[in-house]
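Each chain, letter by letter, is given below.
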Amino acid sequence: MKAGRVTLLALTGAALALSTAAAGDASSRPLPLRPLPALTGRALAARYAAERAAIESAARGTEDPRTSQRLRALAAPGRTFLDFDPRGRAVEVIGDLATARRVAVLVPGADTTPATFDSRGTASPGGGARALYAEAERLSPGARPAVIAWLGYPAPATISPAVLTTGHADQGARALRPLVSWLNARGAGVALLCHSYGTVVCGRAAKGLDATDIAVFGSPGMTVSSAAGLHTRARLWAGRASGDWMRYTPNVRVLGVGFGADPVAAGFGARRFAAGDGGHSDYLRPGGVALRNLALITLGRVGDVTR
């Protein structure tokens, strides 16, 4: 029996054995969805002010000095959050959503929380979104993009049964769909840029989603056997850096555990984009080919994406 299959069967057993405990884990419980404001400058400014107050309140309410410091950084002048919940949600906007012609929604993966929203540089949602916005501005000055760093769901921990299943991803998908519909109401082109476990979220949300592009990178799978199984009109892109350990993940799905076929495989049906030679956390590193290609996808300049 192949080592990958032995590993998956062991993980399956562990996931099933721990399912009762996982069901009682507070991090797995759905967070209530909040209504989105009107897509106008005034309504967005009011929402940003309210979320800043919520972040400041959370920072005051924690007894951990390190967490408090990290949360206070999110409320710094000039930062604009569309949504915040200390239990597992932080959604930051870079750029002007009220006038943006193109919007990228960056969907992060496991081990991401409001307290770690900035803590790992461009491997974190905040730092990655800022790097993406800067690269898009560099490539197309005056294009007026916006980037949303979307921790819109309680992401699972890497060392947990939940990271092997779609429970958290399904919560994320339920929150991601109305966000995309809200952005489309003003006619902006929306690209989903999905990393690691975030690609599972995007896969679960993809059916009928009115996005122009879905780009997945560092993906363990999207719970389908091919791109056709996503039932989306969006252009599907997939990339993996040569140094990404995710290439060793068994691409199978058994009893709801695992995420199926590899999106970068030739037979999956995604458009491949060059992702360079970095590791699993390096896709949004400034100067890298992956960042450039993701910015081009954000801008809708798909003919310039390198393969």
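Asker: Describe in detail helix α4 (residues 65–74), supporting the description with residues and values.
Answerer: The complete set of buried residues in α4 reads S68, L71 and L74. Projection of α4 onto a plane perpendicular to its axis shows the buried side chains occupying an angular sector of 110°, all on one side. Residues of α4 that are exposed and point over 90 degrees away from its buried face: P65, R66 and Q69. On its buried side, α4 packs onto α3 (41–61) and β1 (80–85).

Asker: Let's hear about the layout of surface pockets: which residues, and what values?
Answerer: Roughly 690 Å³ of volume is contained in the largest pocket. Lining of the largest pocket is provided by 35 residues; of these, S196, Y197, W245, M246 and H280 occupy positions nearest its centre. For the lining of the largest pocket, a count of residues per class yields 20 nonpolar, 13 polar and two charged.

Asker: An account of the side chain of D83 is requested, with residue identities and associated values reported.
Answerer: Secondary-structure assignment places D83 in strand β1. Owing to a relative accessible area of 10%, D83 belongs among the buried residues under this scheme. Within the structure, D83 has its side chain in polar contact with the side chain of R34 (distance 3.1 Å). Once residues lying within four places of it in the same chain are set aside, the contact partners of D83 are R34, R47, E51, R89, A90 and V91.

Asker: Please set out the environment of D282 residue by residue, giving values where relevant.
Answerer: Its place among the elements puts D282 in the loop between β8 (271–272) and α8 (289–299). Taking the relative accessible area as the measure of exposure, D282 reaches 29% and is therefore partly exposed. Taking C-alpha positions, D282 is 12 Å from G127, a pair spaced 155 residues apart along the chain.

Asker: Which residues make up the packing of aromatic side chains, and what values do they have?
Answerer: By the definition in use, this model includes four aromatic pairs. Aromatic pair F81 and F117: ring centres 5.5 Å apart, planes at 55°, arrangement tilted. Of this pair, F81 sits in strand β1 while F117 sits in the loop between β3 (102–107) and α5 (125–139), and the two are 36 residues apart along the sequence. Here the aromatic rings of F217 and Y283 are separated by 5.2 Å at their centres, their planes lie at 55°, and the arrangement is tilted. Placement of F217 in strand β6 (residues 213–217) and of Y283 in the loop between β8 and α8 is noted, with a sequence separation of 66 residues between them. For F217, a relative accessible area of 1% corresponds to the buried category. The ring centre of W237 lies 5.4 Å from the NZ or CZ of R271, which sits over that ring.

Asker: Describe the pairing of strand β5 (residues 189–195), and please don't skip the residues or the numbers.
Answerer: Here β5 lies mainly inside the structure; seven of its seven residues are buried. Judged by which residues are buried, β5 turns out to be covered on both faces: G189, A191, L193 and H195 on one side and V190, L192 and C194 on the other are all buried. Sheet topology places β3 next to β5; six bridges connect them, and they run parallel. Paired with A104 across the bridge in β5 is A191. Direction of pairing for β5 relative to β6: parallel, over a ladder of five bridges. Bridge pairing in β6 places L192 opposite I214.

Asker: I'd love a proper account of the state of the cysteines, names of residues and values included.
Answerer: All told, the structure shown has one disulfide when counted by the stated rule. Shown here is the disulfide that connects C194 with C202, its sulfur atoms set 2.1 Å apart. On the sign convention where negative means left-handed, the S-S torsion of about -90° between C194 and C202 marks this disulfide as left-handed.

Asker: Got a sec to walk through the pattern of salt bridges? Specific residues and values, please.
Answerer: Counting across every chain of the model gives 17 salt bridges. R233 is paired through a salt bridge with D210; the nearest N and O atoms lie 3.8 Å apart. You can see R233 sitting in the loop between β6 and β7 (235–239) and its partner D210 sitting in the loop between α7 (197–205) and β6, a full 23 residues away along the chain. Looking at R233, the relative accessible area reads 67%, which means it is exposed. A residue is classified by how much of its surface remains accessible, and D210, at 43% relative accessible area, is partly exposed. Notably, a salt bridge pairs R240 with D262, separated by 2.8 Å at the nearest N-O pair. Of this pair, R240 sits in the loop between β7 and β8 while D262 sits in the loop between β7 and β8; the two residues are 22 residues apart in sequence, bridging distant segments of the chain. For the pair R240 and D262, a shared accessibility class is recorded, and that class is buried. By sharing partners, the salt bridges in this structure join R34, R47, E51, D83 and R89 into a single network.

Asker: Summarise the side chain of H280; cite the residues concerned and give the values.
Answerer: Turning to its location among the elements, H280 is positioned in the loop between β8 and α8. Look at H280 and you get buried, because its relative accessible area is 10%. Side chain to side chain, H280 and S196 meet in a polar contact 3.0 Å long. Setting aside anything within four residues of it in sequence, one finds H280 in contact with H195, S196, G218, G243, D244, W245 and M246.

What counts and what doesn't
Residues numbered from 1 in each chain as written. Predicted model: local features only at pLDDT ≥ 70, side-chain atom pairs only at ≥ 80, totals over all residues. Heavy atoms only, no water. Buried < 20%, exposed > 50% of the residue type's maximum accessible area, 1.4 Å probe, protein only. Helix = DSSP H or I, 4+ residues; strand = E, 2+ residues; numbered from the N terminus. Arc of directions from axis to C-beta. Contact = heavy atoms within 4.5 Å. 1 Å grid on protein atoms, 1.4 Å probe; cavity = no way out; pocket = protein on both sides within 12 Å on 5 of 7 lines; lining within 4 Å. Points joined across faces, edges and corners; volume = space filled by probe spheres on them. Nonpolar A, V, L, I, M, F, W, Y, C, P; charged D, E, K, R; others polar. Polar contact = N/O pair within 3.5 Å; in protein donor to acceptor, adjacent residues only side chain to side chain. Phe/Tyr/Trp six-rings, centres within 6.5 Å; stacked < 30°, edge-to-face > 60°. Lys NZ or Arg CZ within 6 Å of the ring centre and 35° of its normal. Pairing = 2+ DSSP bridges. Disulfide = S-S within 2.5 Å. Salt bridge = Lys/Arg side-chain N within 4 Å of Asp/Glu carboxyl O.

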